[in-house]
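# Fold and contact review
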Amino acid sequence: HLDVEAGKNDYGRPDDYDHDDWRTLRLSIKAGVDLSPLMHFWGVHPEDRAKLKASMEENNLQLSMDVYNLIKGRLDMIPKNNAEFLDVFSIVWPGWEDEENQNWWGCSDYEWSECGLYYIWMNRWDEAIANKAIATGEAILSLYYDDVSPTTPTPSVFTSSSPFE
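Residues numbered from 1 in each chain as written. Predicted model: local features only at pLDDT ≥ 70, side-chain atom pairs only at ≥ 80, totals over all residues. Heavy atoms only, no water.

Moving on, we come to helix 9 (residues 127-145). Taking 1.5 Å per residue as the helical rise, helix 9 with its 19 residues ought to reach 27 Å, and the 26 Å between its terminal C-alpha atoms agrees with that figure. Where the residues of helix 9 are buried, they touch helix 3 (36-41), helix 4 (49-58) and helix 5 (65-76). Two or three places before Ala128, at the start of helix 9, stands the capping residue Asp126, its side-chain oxygen 3.1 Å from that residue's backbone nitrogen. (Helix = DSSP H or I, 4+ residues; strand = E, 2+ residues; numbered from the N terminus. Expected span 1.5 Å × (residues − 1). Contact = heavy atoms within 4.5 Å. Polar contact = N/O pair within 3.5 Å; in protein donor to acceptor, adjacent residues only side chain to side chain.)

This is how it looks when you write it as structure tokens:
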């Protein structure tokens, strides 16, 4: 905020630095580890991966197996078929089958509502889509962690099992 008011670009972002890469770097500095794989997994793909990696190295930020394990855990949660998808839908949106709830939550009317995203996938989600989603996540892990051995000590990100403790 103060940097923007002072005329600096995006919290001190150099003009030649992509906005999303700058955010990834700032978040990584705050976390104390390279969060690039997690940001990439969330859909924030690096604009200039080589430059971002060099910036991580300049700031002594390493990849963390905690981030790897977090992503791997999320991949394990992906429903493997339509029946599992519908189970997840019922957990996240209990009662979605009730037409009154669908209208209230906007499930069937507005595809960009949270419930609506599940609703539009409920008859489409299958093993092929699940496999593609998992393969995409595995490719991201491979991109960042192929040169990191699981036995190599890496910085820890998480200090407790829950952020609410």
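From this point, the narrative continues.
Looking now at the packing of helix 5 against helix 9. Two elements in contact, helix 5 and helix 9, have axes separated by 10 Å at closest approach and are oriented at 170 degrees. It follows from the interaxial angle that helix 5 and helix 9 lie roughly antiparallel. Contacts between helix 5 and helix 9 pair Met65, Val67, Tyr68, Ile71, Lys72 and Leu75 from the former with Ala133, Ile134, Gly137, Glu138, Leu141 and Tyr145 from the latter. Looking at the contact of helix 5 with helix 9, its residues break down into nine nonpolar, one polar and two charged. (Axes fitted to C-alpha atoms, helices over the stretch in contact; angles between N-to-C directions. Parallel < 35°, antiparallel > 145°, perpendicular 65-115°, else oblique. Nonpolar A, V, L, I, M, F, W, Y, C, P; charged D, E, K, R; others polar.)

Moving on: unusual backbone geometry. If you check the backbone angles, Asn60 has positive phi at about 55 degrees while not being a glycine. Here Asn60 is to be found in the loop between helix 4 and helix 5. Judged by relative accessible area, which is 64%, Asn60 ranks as exposed. (Buried < 20%, exposed > 50% of the residue type's maximum accessible area, 1.4 Å probe, protein only.)

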